[in-house]
Structure formats: C-alpha cells, structure tokens
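Summary of structural features
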Amino acid sequence: MQLNLWAIHFEMAATNNLVNLEKIAQLLDGQIITDAGNPNRIIEGAFASDLMSDVLTLPTNHLLLLTGLVNIQAIRTAEMSDIDCIVFVRNKKVTVEMTNLANENGIAIIHSPFSMYKASGILYQAGIKPVY
Amino acid sequence: MHFKYHVEGGNFSQAGFTSSQVKKTLKQLNVDGEVIRRTVIALYEAEVNIVAHAYKGNIAVDIDPEKISILLDDEGPGIPDIQKAMEVGYSTATPQVREMGFGAGMGLSNMKNNSDRLDINSVVGKGTRVMIINYFNPTR
C-alpha cells in the first residue's frame, strides 16, 4: 500500500512536471497560434519581460518567454536566445510576418488574455521554473 | 569562409537578419551550441545598435577553423565616450528604439560578456567600428 502510494505520488509529480504547449494554453486560457511543427514540446522554465535586452542576458536555453511586447524583435530575440515558446499576454496579437519568422525558427506562439503577472503566477504554480 | 552584409539604419523590420544568417551558418558547421549562442547574441546587440543609432553599416564575417571574427562598420554619429557607453544603464536611444524593447543601456556590456574579444573604436560625426572575436574551442 505504502509502495503504491509512492508510485502514485511519483507519477503525479512526473505528470505535473511535464507541461506541454497544450497544457500551457489551457492554463493561460490561451490559444496556440503556432506550435512551429513541434506540438509535444515540454516547457520547463520561463522568463517574463518586455525588455528584450534583459532577455538577451539570460544564461538559459529552451525557455518560455512571457511578454507584452508585440513586434518582430521579440521573435528575433527569441531566435537568438534559443527560446522555444513565446506567450503574448493581454490579448496582444502577432502579425503574419511574426508568425512566419517564428515558424522558420521553430518558436511556438501562444496568445493569452491574462496579464503578465497573472500568467506568470499560474505558470509558476504549475511548476514551471524561474531562471533566477 | 567570408560573408558580407549590409545594414540599413532605422529599418527595425530587418534588424537581426544578419545575426540570423550567421546563426544558421554556425549551426551547419556544427559549432558548439554555447559558442553559437554567445556569438549571435553579441552580434545581434551590435546589429541592433547600427539600426538604432547609425545611418547605415556593413558587417563582415570571417570564419576559420579556430574562430569567428565579425567586423561591424557603420556611418553614424559615433560614440563620444565609449567608457560611459559601456556602463550598464547608460543609453542615448530614442523612444522608437525603446518601443522595440531595447535602449536600456545593456547592449554594450552584454556584447562584452558574450565575446572572447571585443574592440570598439569610434569617431564622433563619422561612425563606429566594432570587432567581435569568438573562439570555437570554449576552453580557450
């Protein structure tokens, strides 16, 4: 019995840690605009900023970026920083040009109606790790 | 290998094109991922600086078996005090540049952190020359 409980506990922990794009979209009441050809990617860490200069100082790869800055440089910054997914908060909509550039570079895009604060809190609670 | 690119001042939709091309080339050459990351971040910051501050510029990229050398030459206002410009938080960026998510005075120091060698020379009223060198062997 004890062993079974541990097994369930570990299974739950493992499931909770594996947050994929669909789960992110669900948590953030959002919409996946593009999965850039990789719908099963797992998100483990995230960073939230409107300042691209700050994003460019990150020492970590394969992150999710939460931002309210909707322009082509947000996608370019993600490309240079090896960011896997961008969540644009507060219903900010990407352009076709931005989506094309994201697809070209394997970057997923999600729209969320939530504020950066709320979205960050939800993802933190879901076990997505911060950079610092 | 030698590549040349032209950068247009003020054209933010194209900012990052050169960095993107260089990243693709380094990936094809199977360069270490961390070296690629550092190189393209330093280059991207420098490229954005040309777009943000200069009228136009050229980027020359040389790749040999040991290293990548990038020379960025621009025609622009130049940097009156390079020491000051290297300080985190110091910036002369326009509101337009800040709207793009830059101009927080972090670019030059970030370029330095991501380069094995960084040289900046500038003549006020003429332009700025930036040299970035990164070695492919990370232990060097």
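Note: the structure precedes this text.
Residues numbered from 1 in each chain as written. Chains lettered and ligands numbered in written order. Predicted model: local features only at pLDDT ≥ 70, side-chain atom pairs only at ≥ 80, totals over all residues.

**A look at the overall build of chain B**
When helices and strands are counted, chain B shows 5 helices and 5 strands. Starting at the N terminus, the α and β elements of chain B follow one another as β-α-α-β-β-α-α-α-β-β. The C-alpha atoms of chain B give 14 Å as radius of gyration, which agrees with the globular expectation for 140 residues (14 Å, within 12%). Principal-axis analysis of the C-alpha atoms gives chain B an extent of 40 × 25 × 25 Å. Residues counted as buried form 36% of the 140 residues belonging to chain B. Relative to all contacts within chain B whose residues are 6 or more apart in sequence, the contacts with residues 24 or more apart total 62%. (Helix = DSSP H or I, 4+ residues; strand = E, 2+ residues; numbered from the N terminus. Rg over C-alpha atoms; globule rule 2.2 N^0.38 Å. Buried ≥ 20, exposed ≤ 12 C-beta atoms within 10 Å, placed from the backbone. Contact = placed C-beta atoms within 7 Å.)

**Let's talk about the interface of chain B and chain A**
Across the boundary between the two partners, chain B contributes 18 residues, which contact 18 residues of chain A. Considering every element that reaches the side of chain B that touches chain A, the biggest residue donor is helix α2 (residues 33–53) of chain B, with 5 residues. Counted by class, the side of chain B that touches chain A contains 9 nonpolar, 7 polar and 2 charged residues. (Nonpolar A, V, L, I, M, F, W, Y, C, P; charged D, E, K, R; others polar.)

**Some thoughts on the sheet that holds strand β2 (residues 56–63) of chain B**
Residues and elements named next belong to chain B. Strand order in the open sheet made by the 5 strands is β1-β2-β3-β5-β4, with antiparallel pairing throughout. Each edge of the sheet is formed by a strand with only one pairing partner; in this case those strands are β1 (2–8) and β4 (117–123). For this sheet the average axis-to-axis angle between neighbouring strands, irrespective of direction, equals 10°. As paired strands, β1 and β2 are joined by 7 bridges and run antiparallel to one another. Across the sheet, residue His2 finds its bridge partner in β2, namely Asp62. Relative to the sheet, α2 contacts β1, β2, β3 (67–75) and β5 (127–135), its axis offset from that of β5 by approximately 175°. (Pairing = 2+ DSSP bridges. Axes fitted to C-alpha atoms, helices over the stretch in contact; angles between N-to-C directions.)

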